[in-house]
Amino acid sequence: MNFTPTSPSRSIADRYSLSPLSAATQRLLASPVKPPRSIPKSPYKVLDAPELQDDFYLNLVDWSSSNVLGVGLGSCVYLWSAQTGKVTKLCDLGVNDSVTSVNWNPKGSHLAIGTNSGPVQLWDVLKNKKVRNLVGHDHRVGTLAWNDYVLSSGSRDRTIITRDMRAPNDTSIFRHTKHKQEVCGLKWSPNNMQLASGGNDNRLMVWDRAASNEPLYTFRDHEAAIKAIAWSPHQSGLLASGGGSADKKIRFWNTQTGSTLSCIDTGSQVCNVAWSSNLNEIVSTHGYSQNEVVVWKELSPALTKQAVLTGHSMRVLYLAVSPDSENIVTGAGDETLRFWNVFAKRNRRREDDSSSGMGDFDGITGDRGGRLSLNM
């Protein structure tokens, strides 16, 4: 008896000879399954950040389009170049004041600085010079947001002031007064037409740029302060928000219709959310009780966890995304800044996971773990 074994390398046509599937579908089914993207679980760099405040309501870290990190430490603002690793002190507010927020303009040429005393300072970083001192708030300014040449500031005095920085004086365009407690989150939409604000009154408000007196929408679903706000760069009018320790939820909203889309209970205080501009993924940072960083893949109508990153010993209160949208930096009350490679590259083959793509840190002295000091 002759036995001829079946060839393991039969053609696709043979395997699906009796199938009603199209040739394209057959090729798709026969193609190897792509393994899940690997996200490194350890930071590729750590910076010591003395006097980085453990305060949920502040926003002390921002990454510019020109690849420079701005960080508020106590009364000082430091700049760290991701290309060269050089650290410079931009300013010192003195012993009677402290930095409560920082935010870069879209070009990365000017840094807005919120202060504990109320004024907002505008610095030209190329000239290392303060060019404006904007008064109008009675208490600390914990959040800032740019819209081209327009700057919005939110304060413990419960107001939001929006100004055009091209104007020769400090006249405000809008002054919003609808929040009942401290304003701790502000973000302009990618098309610059809507401003989202979050407050310690558990309210998320959406303001139309063309209408100043009343919010377009007021969402009351969160049960704690709303600092974490992010607009989708992929879908117009898609907004994400996160609630504090009594809420622990990330919610999604359609600001074109004013409707709630979905909600996920994260199990921890939500301190920040941010979208990748390269793909439909989100990163969130958390405080009580996990102190973790979570990368999510958006699969409508829900989120699925891609990775959970740990290392901070206190609440992860601060988050900024690199200009290429591949890396993030997180900050915590443990007085460290940690850099993570979490997002995929756009339309390019991914390099080794250990590569930050943000320079080789030449000229900096640190231990082999990459622990450096931001303070000088």
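Attention in this report is confined to the structure presented alongside it.

Cut-offs and rules
Residues numbered from 1 in each chain as written. Predicted model: local features only at pLDDT ≥ 70, side-chain atom pairs only at ≥ 80, totals over all residues. Heavy atoms only, no water. Helix = DSSP H or I, 4+ residues; strand = E, 2+ residues; numbered from the N terminus. Buried < 20%, exposed > 50% of the residue type's maximum accessible area, 1.4 Å probe, protein only. Contact = heavy atoms within 4.5 Å. Areas by Shrake-Rupley, 256 points an atom, 1.4 Å probe, with all protein chains shown as cover. Polar contact = N/O pair within 3.5 Å; in protein donor to acceptor, adjacent residues only side chain to side chain. Pairing = 2+ DSSP bridges. Core = buried A, V, L, I, M, F, W, Y, C linked by side-chain atoms within 4.5 Å.

This next bit is on the overall build of the protein. From N to C terminus, the protein includes two helices and 29 strands. Out of the 376 residues belonging to the protein, those deemed buried represent 54%. In the protein, once contacts between residues fewer than 6 apart in sequence are set aside, the share between residues at least 24 apart is 47%. Summing over all exposed atoms, the protein offers an accessible surface of approximately 17,300 Å²; the carbon and sulfur share of this is 48%.

Take the environment of methionine 193 next. Checked against the element boundaries, methionine 193 lands in the loop between strand E14 (183-188) and strand E15 (194-199). The exposure class of methionine 193 is partly exposed, given its relative accessible area of 39%. Sequence separation between methionine 193 and glycine 237 is 44 residues; the distance between their C-alpha atoms is 9.8 Å. Once residues lying within four places of it in the same chain are set aside, the contact partners of methionine 193 are Trp188, Trp207, Asp208 and Arg209.

Once that is clear, we can look at the environment of histidine 137. Mapped onto the elements, histidine 137 comes out in the loop between strand E9 (129-134) and strand E10 (141-147). Measuring from C-alpha to C-alpha, the distance between histidine 137 and isoleucine 161 comes to 8.1 Å, with 24 residues separating the pair along the chain. Excluding residues within four positions of it along the chain, histidine 137 makes contact with Ser117, Gly118, Ser153, Gly154, Ser155, Asp157, Thr159 and Ile161. Here aspartate 157 takes part through its side chain, which lies 3.1 Å from a polar atom of the side chain of histidine 137. Within polar-contact distance, the side chain of histidine 137 engages the side chain of threonine 159 at 3.2 Å.

To continue, consider unusual backbone geometry. Note that the residue after tyrosine 288, namely serine 289, is joined by a cis bond; omega there is 10 degrees. As for its placement among the helices and strands, serine 289 is situated in the loop between strand E23 (281-286) and strand E24 (293-299). The phi dihedral of asparagine 192 is positive, around 65 degrees, even though this residue is not glycine. Its place among the elements puts asparagine 192 in the loop between E14 and E15. Here asparagine 192 falls in the buried class, since its relative accessible area comes to 15%. Positive phi values are uncommon outside glycine, yet asparagine 202 reaches one of about 65 degrees.

Here strand E11 (residues 150-155) lies mainly inside the structure; six of its six residues are buried. Along E11, one buried face is formed by Val150, Ser152 and Gly154 and the opposite face, lined by Leu151, Ser153 and Ser155, is buried too. The turn linking E10 back onto E11 is made up of two residues, and aspartate 148 within it adopts a positive phi angle of 55 degrees. Hairpin connection of E11 to strand E12 (residues 160-164): four residues between the antiparallel strands, including arginine 158 at a positive phi of 80 degrees.

Moving on to the nonpolar core. Within soluble globular proteins, side chains that are nonpolar generally end up buried alongside one another. Counting 38 residues, the largest nonpolar core has Leu69, Val77, Leu111, Ile113, Leu337 and Phe339 as the members making the most contacts within it. For this core, the secondary-structure elements that each account for two or more residues are strand E2 (61-63), strand E3 (68-73), strand E4 (76-81), strand E5 (87-92), strand E6 (99-104), strand E7 (110-115), strand E26 (316-321) and strand E28 (336-341). Looking at this core element by element, the count peaks at five residues for E4. What leucine 69 contacts, discounting residues up to four positions off in sequence, is Val61, Asp62, Trp63, Tyr78, Leu79, Trp80, Trp104, Val329, Leu337 and Phe339. Formed by 15 residues, the second largest nonpolar core is a distinct cluster that contains Val295, Leu309, Leu319 and Ala344.

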